Amino acid sequence: MRDHGPSGSAEREAQPELVLGIETSCDETAAAVVADGRRSLSSVVSSQVELHAEFGGVVPEIAGRAHLTRIVPVVRAALAEAGISDPARQLAAVAATTGPGLVGALLVGVASAKALSVAWGLPFVGVNHLEGHLYASLLEDPTFDPPMVVLLASGGHTLLIHVVAPGAYRLLGQTIDDAAGEAYDKVARMLGLGYPGGPPLDRLAATGDPTIVRFPRGLVDEPGCDLSFSGLKTSVHRWVRAHPGAAVADVAAAFQEAVVDALALKLRRAAALVDVPAVCLAGGVAANSGLRARVKADADADRRRCFLPSPAMCTDNAAMVAAAAWWRWRSDGPTSLDAPADPNLRLGFEAEPVGKAR
Ligand code: KG4
Ligand code: ZN
């Protein structure tokens, strides 16, 4: 194998370093090529939504099998779109999400990336999926840099993270129960909107009257930056049962207002706590129209920069994985080929939660 260090020869430094990223942690099979951690040359996402929709959620066995059949064509498409004909010479590294996620799904991406790295004589870089989401904004705006506070809200996580510098994070707050995306998916199912529930619920909410009921905003009256969504979900369930004639659009609007209010309020509080110049959204729920409008308005009022990634960069993709991999590789070097897929992989927070000072 050739030199695996991120600081190669002068000749190498003059060339952009291209990383192939692979993402298979849940129900998207994705591959992308990113230059120097900041410029996406290709990003191919094969969604499995149609395979899982009839079951109302992701079925792990189906996800794993679908990744297996899709991974090779998806990687080929990402290489072709980026104009890569000789990966061993043109690429600098091969990366994959190693966790958190569904183990049978993660394994497909991790094994594929390791096999390609060995075949091409390139370093392998393992990436934490959550760290990937944090890099989506850096990919889309070359002028956007830490320090910043990121609200990372997806189907499995809701975190408020102070990105001090690339790779240096402090946890400011998190959900103490359900993730925001999970609440969207569960309430959407309750309202008969199908899976995944976020996008249809978001569209419907725009047409409803949010004032018909005020649903609870979990923990907003508590100090600190933690969040809670399970009480809201139960409250919607009870209210819908007690008001069978209520318009679904109005319930959707009232629910969305409660989620957006809680998320935006805690993001604003977190940004003030560490006094950062910029805030940013990440994860699938960051595609939400109500959340985007509210966070932008709050940031404008507080005179903070605000970055809202494009909806395709909010949901799972491999460009964010390739971007995070480039930064990780520069700071830590390559990942051992023995590194396992870890469904419970945690993101390292270098400092004690600032929220402890609450
Ligand atoms: O980040 P992501 O693609 O996958 C995970 O890592 O979980 O996030 C998926 C989640 C789902 O719960 C989905 O319902 C939610 O993001 N979501 C939305 C919207 N688009 C996707 N939630 C609210 N509004 C949306 N427009
Ligand atoms: Zn995700």
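Residue indices begin from 1 for each chain and proceed along its sequence in written order. Going through the entries in the order they are written, you letter the chains from A and number the ligands from 1. It should be noted that, the model being predicted, local features are given only for residues of pLDDT at least 70 and side-chain atom pairs only at 80 or more, the latter also being counted only at that level, while totals for whole chains, interfaces and linings use all residues. In computing side-chain properties, one takes all heavy atoms of the structure into account and sets aside hydrogens as well as water.

A. Seen up close, the state of the cysteines. Note on disulfides: each one is a pair of cysteine sulfur atoms within 2.5 Å. Inspection of the entire model under this criterion finds zero disulfides. Just so you know, cysteine 280 is unpaired, no disulfide at all, and the nearest cysteine sulfur is the one on cysteine 306, 7.8 Å from it. Given the relative accessible area of 1%, cysteine 280 is considered buried. Three exposure classes are used, based on accessible area relative to the maximum for each residue type with a 1.4 Å probe and protein chains only: buried under 20%, partly exposed in between, and exposed over 50%.

B. Local environment of the confidence of the model for the protein. In the predicted model, the protein carries a mean pLDDT of 91, and the fraction of residues at 70 or more is 94%. As a per-residue measure, pLDDT tells how confident the predictor is, with possible values from 0 to 100. By definition in these notes, contact holds between two residues if any of their heavy atoms fall within 4.5 Å. Taken as a whole, residues 7-12 scores under 50 in pLDDT and shows seven contacts with residues more than four places along the chain or in a different chain. Low confidence marks residues 352-358, where pLDDT is under 50. Its contacts with residues over four positions away, or in another chain, come to eleven contacts.

C. Structural view of the packing of helix 3 (residues 60-81) against helix 5 (residues 103-120). Following both chains from N to C, one finds helix 3 and helix 5 inclined at 40 degrees, their axes separated by 9 Å at the closest point. The angle between helix 3 and helix 5 places the two elements in the oblique class. Crossing angle aside, the handedness with which helix 3 passes helix 5 is right-handed. On the side of helix 3, the interface is formed by Gly64, His67, Leu68, Ile71, Val75 and Leu79, while helix 5 contributes Gly104, Ala105, Val108, Ser112, Leu116 and Trp120. Axis definition: a line fitted to C-alpha atoms, limited for helices to the stretch in contact. Angles are taken between N-to-C directions and run from 0 to 180 degrees. A run of DSSP states H or I qualifies as a helix once it reaches four residues; a run of E qualifies as a strand once it reaches two. Both are numbered from the N-terminal end. Here roughly perpendicular refers to angles of 65 to 115 degrees, roughly parallel to angles under 35, roughly antiparallel to angles over 145, and oblique to all remaining angles. Note on convention: the crossing is left-handed when the near helix lies turned anticlockwise from the far helix by less than a right angle, right-handed when the turn is clockwise.

D. Quick peek at the site of ligand 1. Gly155, Asp185, Asp202, Gly284 and Asn288 are the nearest of the 20 residues found near ligand 1. With respect to ligand 1, the backbone of glycine 155 contributes an N or O atom lying 2.8 Å from an oxygen atom. We define a polar contact as two N or O atoms separated by no more than 3.5 Å, with the added condition that, inside protein, one atom must be a possible hydrogen donor and the other a possible acceptor, whereas residues neighbouring each other in sequence contribute only through side-chain atom pairs. At 3.1 Å from an oxygen atom of ligand 1 is found a main-chain nitrogen or oxygen belonging to glycine 198. Computed on the free molecule, ligand 1 has an accessible area of 560 Å², of which 88% lies beneath the protein chains in the complex. Secondary structure elements with two or more residues in the shell around ligand 1: helix 6 (129-140), helix 7 (180-190) and helix 8 (198-205). Residue composition of the shell around ligand 1, by class: five nonpolar, twelve polar and three charged. Summary of the distance rule: residues count as near a molecule or strand when at least one heavy atom falls within 4 Å of that molecule or strand. Using a 1.4 Å probe, the Shrake-Rupley method yields the accessible areas, and only the shown protein chains count as cover for residues. Here the nonpolar group is Ala, Val, Leu, Ile, Met, Phe, Trp, Tyr, Cys and Pro; Asp, Glu, Lys and Arg are the charged ones; every other residue, Gly included, is treated as polar.

E. Representation of helix 6. End to end, helix 6 covers 18 Å across twelve residues, agreeing with the expected 16 Å (1.5 Å per residue, within 8%). Taken across its twelve residues, helix 6 has eleven buried, putting it largely inside the fold. Along helix 6, the positions that sit buried rather than exposed are His129, Leu130, Glu131, Gly132, His133, Leu134, Tyr135, Ala136, Ser137, Leu138 and Leu139. One side-chain oxygen of the residue at the start of helix 6 lies 2.8 Å from the amide nitrogen of leucine 130, identifying that residue as asparagine 128. Here the expected span of a helix is defined as 1.5 Å times the quantity of residues minus one.

F. Representation of the coordination of the zinc ion (ligand 2). Those donors, His129 (NE2), His133 (NE2) and Asp316 (OD), are the protein atoms that reach the zinc ion (ligand 2), and they lie 2.0 to 2.1 Å from it. Here the coordinating atoms are restricted to nitrogen, oxygen and sulfur within 2.8 Å of the metal centre, or 3.2 Å for Na, K and Ca, and because water is not among them the sites may look incomplete. Only two sets of limits are used to name each site, 85 to 135 degrees for every angle of a tetrahedral four-donor site, and over 155 degrees for opposite donors with all other angles from 65 to 115 for a square planar four-donor or octahedral six-donor site, with any other site named irregular. Coordination at the zinc ion (ligand 2) is irregular, judged from the four donor atoms that bind it and the angles of 94 to 141 degrees they form at the metal. Relative accessible area serves as the criterion here: at 15%, aspartate 316 is assigned to the buried category.

G. Main features of empty space enclosed by the protein. Put simply, the grid is 1 Å and covers the protein atoms alone, a cavity is a trapped set of points that fit a 1.4 Å probe, a pocket is an open set with protein on both sides within 12 Å along at least five of seven lines, and lining residues have an atom within 4 Å of a point. Grid points are joined across faces, edges and corners, and a volume is the space filled by probe spheres set on the points. What the rule picks out here adds up to two cavities of 30 Å³ or more. For the lining of the largest cavity, the secondary-structure elements that each account for two or more residues are helix 10 (248-274) and helix 11 (289-302). As a volume, the second largest cavity reaches approximately 30 Å³. Residue lining of the second largest cavity: Leu134, Tyr135, Leu138, Pro146, Met148, Val163, Pro166 and Tyr169, and that is the complete set. Sorting elements by how many residues they give to the lining of the second largest cavity places helix 6 first, with three residues. Residues that form the lining of the second largest cavity fall into these classes: eight nonpolar, no polar and no charged.

H. Looking closely at the environment of alanine 262. Residue placement: alanine 262 occurs in helix 10. Taking relative accessible area as the criterion, alanine 262 reaches 1% and is therefore assigned buried. Counting along the chain gives 34 residues from alanine 262 to serine 228, while the straight-line C-alpha distance between them is 8.7 Å. Alanine 262 has contacts with Arg217, Val220, Leu227 and Phe229, leaving out every residue within four places of it along the chain.

I. Inspection of the pattern of salt bridges at higher detail. Salt bridges are defined as contacts in which a side-chain nitrogen from Lys or Arg sits within 4 Å of a carboxyl oxygen from Asp or Glu. The final tally for this structure, using the stated rule, is 16 salt bridges. Note that arginine 70 and glutamate 50 form a salt bridge whose closest N and O atoms lie 3.2 Å from each other. Highlighted residues: arginine 70 in helix 3 and glutamate 50 in helix 2 (residues 49-52), separated in sequence by 20 residues. Since its relative accessible area comes to 18%, arginine 70 is described here as buried. The partner of aspartate 298 in a salt bridge is arginine 268, and the shortest N-O contact between them spans 3.5 Å. In this pair, aspartate 298 sits in helix 11 while arginine 268 sits in helix 10, placing the two residues 30 residues apart along the sequence. A relative accessible area of 11% places aspartate 298 in the buried class. Through salt bridges that share partners, Arg217, Glu257, Asp261, Arg268, Arg294, Asp298 and Asp302 make up one connected network.

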